Amino acid sequence: MDIYNYVNASLYLRDTWLKKKELNPNFSIRSWAQKLGITSHSQLHQVLNGKRNLPSKYIMTIARDLRLEAEEADYFEKLVKLQAAKSEEEKLFYLNSIQRNNETLEVYEVDNYELIRNPLNFFILELFCLIDADLTPIKIQKLLIHNYPLTEIRKSVELLTKLEMLILKDGSYRKAHETVFTANDIPNIAKQEYHKNIAELAKEAVEKQDVEDREFSGFTFGIRAENLPQAKEELRKFREEFSQKFIEKDFEGNQLYHLAINFFAISNKVDQ
C-alpha cells in the first residue's frame, strides 16, 4: 500500500488490513492486534473504522510491521497526529506538514479541508443559486441568519473561487457544479468538523427560531445491529427522494434551509 496516497491514518490502516486479509483469509484482526502488542483487538477494530485514534505508542510497532522506510514512517506518524489533532491550528499544521513532505499529494488537500469543514462555504454556494444578482459579501452577510463576520465571508468566497466552485459568468458568480457531496461511511476529519459546526447552528436555531420556521423531532428505539446497513440505506433513499421533491431549480427558491438527519447509537450492543 502506497502510504503517500493517504491523508487519513485510519483509512490507510484499514486498506492495509483488507490487503492482508486478501492475501491470507485466515489473518484476523485479533491476530494482528496480538502481533502489534495491542491488548484488545476491539481497540484495533475501532481504529480501522475511524472511531478511535491510534495511540502514539503503537506508531513505530506498526511501522516496523509494515516495513515502512524512515520517510514513510515519519509520514505515517504525521497522519496519526493529524487525525488526533484537536485544534484547527494543529490540523492545518499537520496538513501543511505532510503536503511539504509529499510531492505526490495534491495541493488542494488543505483547501479541501477548509472547504468541507465550514458549512458557510456551502451556504454561500447555495445563495448563488437562490438569487440572480451580484452578491457582495455585505449582501451575503445580510441574507444569512447566523452572524458571520465579513472577513470570514470574504475568505469563503475567495476559497470557492480558487477551487473553481464559483465561476464568473456574464459578469456575476455562479455555482459551477449542480451537486457537491462527500462519500458515505468514510472517516474524515473535515466532515467531522462540518457536522460539529452544523450541530452548533442547530442548537442556536432551537433557541432563536420560531417553531413555525423549524422542525426538530426525534425518538429512541431498539434495532438489530445487523439491520444497521439497511437502515442507513433507507435514510439515504429518503434524503434523495426528499431532495428531488423539494429542491428548487436555480433562482426559483426564496429561502435556504438545511436538513440534518441524525441517526446514531445511544447504547452499546447488548448480548442476548
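Since this is a predicted model, take the numbers as computed values, not measurements.

Draft legend 1. Geometry of the nonpolar core. By size, the foremost hydrophobic cluster in this structure holds 36 residues, and its most contacted members are Ile3, Tyr12, Leu13, Trp32, Leu54, Leu68 and Phe76. Formed by 23 residues, the second largest nonpolar core is a distinct cluster that contains Ile124, Leu125, Leu163 and Leu201.

Draft legend 2. Structural context of the pattern of salt bridges. Inspection of every chain in the model, using the stated rule, returns ten salt bridges. Close ionic contact of glutamate 77 with lysine 81 constitutes a salt bridge, the shortest N to O distance being 3.2 Å. Here glutamate 77 and its partner lysine 81 are both found in helix H5 (residues 70-84), four residues apart, which amounts to about one turn of the helix. By relative accessible area, glutamate 77 is classed as partly exposed at 28%. Residue classification places lysine 81 among the partly exposed residues on the basis of a relative accessible area of 33%. Note that lysine 208 is salt-bridged to glutamate 204, the shortest N-O span being 3.8 Å. Of this pair, lysine 208 and glutamate 204 both sit in helix H11 (residues 189-208), four residues apart, which is roughly one turn of the helix. Connected through salt bridges with shared partners, the residues Lys20, Lys35 and Asp65 form a single ionic network.

Draft legend 3. Summary view of the packing of aromatic side chains. Summed over the entire model, instances satisfying the criterion amount to twelve aromatic pairs. Relative to tyrosine 12, the ring of tyrosine 6 lies with its centre 5.4 Å away and its plane at 70 degrees, an arrangement referred to as edge-to-face. Exposure class is identical for tyrosine 6 and tyrosine 12. Each is buried. Taken together, Tyr6, Tyr12 and Phe76 form an aromatic cluster joined through their ring pairs.

Draft legend 4. Helix H10 (residues 150-162), seen in detail. With 13 residues, H10 extends 18 Å from end C-alpha to end C-alpha; this agrees with the ideal 18 Å at 1.5 Å per step. Within H10 the residues assigned to the buried category are Ile153, Ser156, Val157, Leu159 and Leu160. Along the axis of H10, the buried positions cluster into a sector of 165 degrees, meaning they face one direction only. Turned more than 90 degrees away from the buried face of H10, the exposed residues are Thr151, Lys155, Glu158 and Lys162.

Draft legend 5. Geometry of the side chain of serine 156. Note on placement: serine 156 falls in helix H10. Residue serine 156 is classed as buried on the basis of its relative accessible area of 3%. Not counting residues up to four positions away in its chain, the partners in contact with serine 156 are Leu120, Asn121 and Ile124.

Definitions and cut-offs
- Residues numbered from 1 in each chain as written.
- Predicted model: local features only at pLDDT ≥ 70, side-chain atom pairs only at ≥ 80, totals over all residues.
- Heavy atoms only, no water.
- Core = buried A, V, L, I, M, F, W, Y, C linked by side-chain atoms within 4.5 Å.
- Buried < 20%, exposed > 50% of the residue type's maximum accessible area, 1.4 Å probe, protein only.
- Salt bridge = Lys/Arg side-chain N within 4 Å of Asp/Glu carboxyl O.
- Helix = DSSP H or I, 4+ residues; strand = E, 2+ residues; numbered from the N terminus.
- Phe/Tyr/Trp six-rings, centres within 6.5 Å; stacked < 30°, edge-to-face > 60°.
- Expected span 1.5 Å × (residues − 1).
- Arc of directions from axis to C-beta.
- Contact = heavy atoms within 4.5 Å.

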